[in-house]
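The chain contents come next:
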Amino acid sequence: MGCGAQVETDFGLCGACWRETPFIGGTVCEACGIPLQGGADGYRIECDDCMERPRPWRRGRAALLYADRARQLVLALKHGDRPDIARPAGAWLARAARPLLAPDTLIAPVPLHWTRLLRRRYNQAALLAKSLAARTGTEICPDLLIRPRRTPMLDHAGFDRRFEILRDAIAAHPRHRQRMAGRPVLLVDDVMTSGATLSACATVCQAAGAGRVDVVALARVAKDD
Ligand SMILES: [Zn+2]
Ligand SMILES: [Zn+2]
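Reading the values: rules and limits
Here the residue index of a chain counts from 1 through its sequence in written order. As they are written, the chains are lettered A onward and the ligands numbered 1 onward, keeping that order. A pLDDT threshold of at least 70 governs which residues receive local features in this predicted model, and a stricter bar of 80 or more applies before side-chain atom pairs are shown or counted, although totals over entire chains, interfaces and linings include all residues. Only hydrogens and water are set aside; all other atoms, that is, all heavy atoms of the structure, feed into the side-chain values. In this listing, donors mean N, O and S atoms no farther than 2.8 Å from the metal, or 3.2 Å for Na, K and Ca; water is missing from the atoms, so a site can look incomplete. Secondary structure elements are defined from DSSP: runs of H or I of at least 4 residues count as helices, runs of E of at least 2 residues count as strands, and each element is numbered from the N terminus. We call a pair of cysteine sulfur atoms a disulfide when they lie within 2.5 Å. Every angle, taken between N-to-C directions, lies between 0 and 180 degrees, and every axis is a line fitted to C-alpha atoms, over only the stretch in contact when it is a helix. For any helix crossing, the convention is left-handed if the near helix is rotated counterclockwise from the far helix by under a right angle, and right-handed if that rotation is clockwise. Contacts are assigned to residue pairs that have any heavy atoms within 4.5 Å of one another. Residues are grouped as follows: Ala, Val, Leu, Ile, Met, Phe, Trp, Tyr, Cys and Pro are nonpolar; Asp, Glu, Lys and Arg are charged; all remaining types, including Gly, are polar. In these descriptions, tetrahedral denotes four donors with every angle between 85 and 135 degrees, square planar four donors and octahedral six donors with opposite donors over 155 degrees apart and the rest between 65 and 115, and irregular any other case. Partly exposed describes any residue whose relative accessible area lies between the buried limit of under 20% and the exposed limit of over 50%, with all areas from a 1.4 Å probe on protein chains only and scaled to the type maximum. Residue types Ala, Val, Leu, Ile, Met, Phe, Trp, Tyr and Cys, when buried and joined through side-chain atoms within 4.5 Å, form a set referred to as a nonpolar core.

(A) A look at the coordination of the zinc ion (ligand 1). Binding of the zinc ion (ligand 1) to the protein goes through C3 (SG), C14 (SG) and C17 (SG), at separations of 2.2 Å. Of note, the zinc ion (ligand 1) draws all its donor residues from one chain, in the sequence arrangement C-x10-C-x2-C. Linking C3 in the segment before helix 1 (15-20) with C17 in helix 1, this pair joins segments that are 14 residues apart in sequence.

And the structure:
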């Protein structure tokens, strides 16, 4: 998956690529999934960022740190026309999301505006969500959330501005609102940076009557990145 060498594992990486791919393990922030020092003590532990800015979801996890080989894989999935990466990534996501899944969980991807969809041909978050759902036997609703309005480029907007713009641009699909009523929803995205996009999606789900909302990303950007 990383270098083109032939491998037979489900995880799709050769030994060398595996060593260069920073999988997240051990103690993590319960809200955003970033690795933390120390061991679990049975209480909920959160990073400083999440304590400062409480997340509008309950628990969050990520499979990889956005660095080295993981960064390449995420970028290849996003821009490089490598939808095949979603298959092994589904297994990595399944491992990270295991503690978040309930029997009645509904999986939903972060939506992409359709004009971007045309340019990129696929929504990488939707491919990841499908792969995760197939791997774990969990129900999925690919268009639970939609993005009917175009948003300006948000590259230089701060967290609050991004959150507001996205919250207004993202909506629950009128046909699927009922489906999430009172149910746990697991939102899936490729990368979590500040969390503004996932925050907007989680807020929309809560407003639409979803039960507990959790999030999982393929890769988590470390703070000093
Ligand atoms: Zn390799
Ligand atoms: Zn955190």
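Once you've had a look at it, read on.
(B) Quick peek at the state of the cysteines. If you walk through the whole model with that rule in mind, you get zero disulfides. No disulfide involves C141; its sulfur sits 10.0 Å from the nearest other cysteine sulfur, which is in C205.

(C) Focus on the packing of helix 4 (residues 86-97) against helix 6 (residues 124-136). For the pair helix 4 and helix 6, interaxial distance at closest approach is 8 Å and the crossing angle is 65°. Taken as a pair, helix 4 and helix 6 cross one another with a handedness that is right-handed. Residues A86, R87, A89, G90, A91, L93, A94 and A97 of helix 4 form the contact with helix 6, whose own contacting residues are L127, L128, S131, L132, R135 and T136. In terms of residue class, the contact of helix 4 with helix 6 is made up of nine nonpolar, three polar and two charged.

(D) Summary view of the coordination of the zinc ion (ligand 2). Within the protein, the zinc ion (ligand 2) binds to C29 (SG), C32 (SG), C47 (SG) and C50 (SG); these donor distances fall in the range 2.3 Å. What the four donor atoms of the zinc ion (ligand 2) show is an angle range of 104 to 115° at the metal, which sorts the shape as tetrahedral. Within one chain, the residues serving as donors to the zinc ion (ligand 2) are arranged as C-x2-C-x14-C-x2-C. Here C32 is found in the loop between helix 1 and helix 2 (48-52), whereas its partner C50 is found in helix 2, with 18 residues between them in sequence. C32 sits in the buried class, given a relative accessible area of 1%.

(E) Molecular detail of the nonpolar core. Core analysis: the largest hydrophobic core is formed by 37 residues, its most contacted members being M180, V185, L187, C205 and V213. Every element with two or more residues in this core is listed here: strand 2 (106-109), helix 7 (159-169), strand 6 (185-192), helix 9 (196-207) and strand 7 (213-220). For this core, the leading source of residues is helix 9, giving seven residues. Among all residues touching V185, those that are not within four sequence positions of it are L106, L144, M180, C205, A210, R212, V213 and D214. A94, Y122, L132 and L218 belong to the second largest nonpolar core, which has 35 residues in total.

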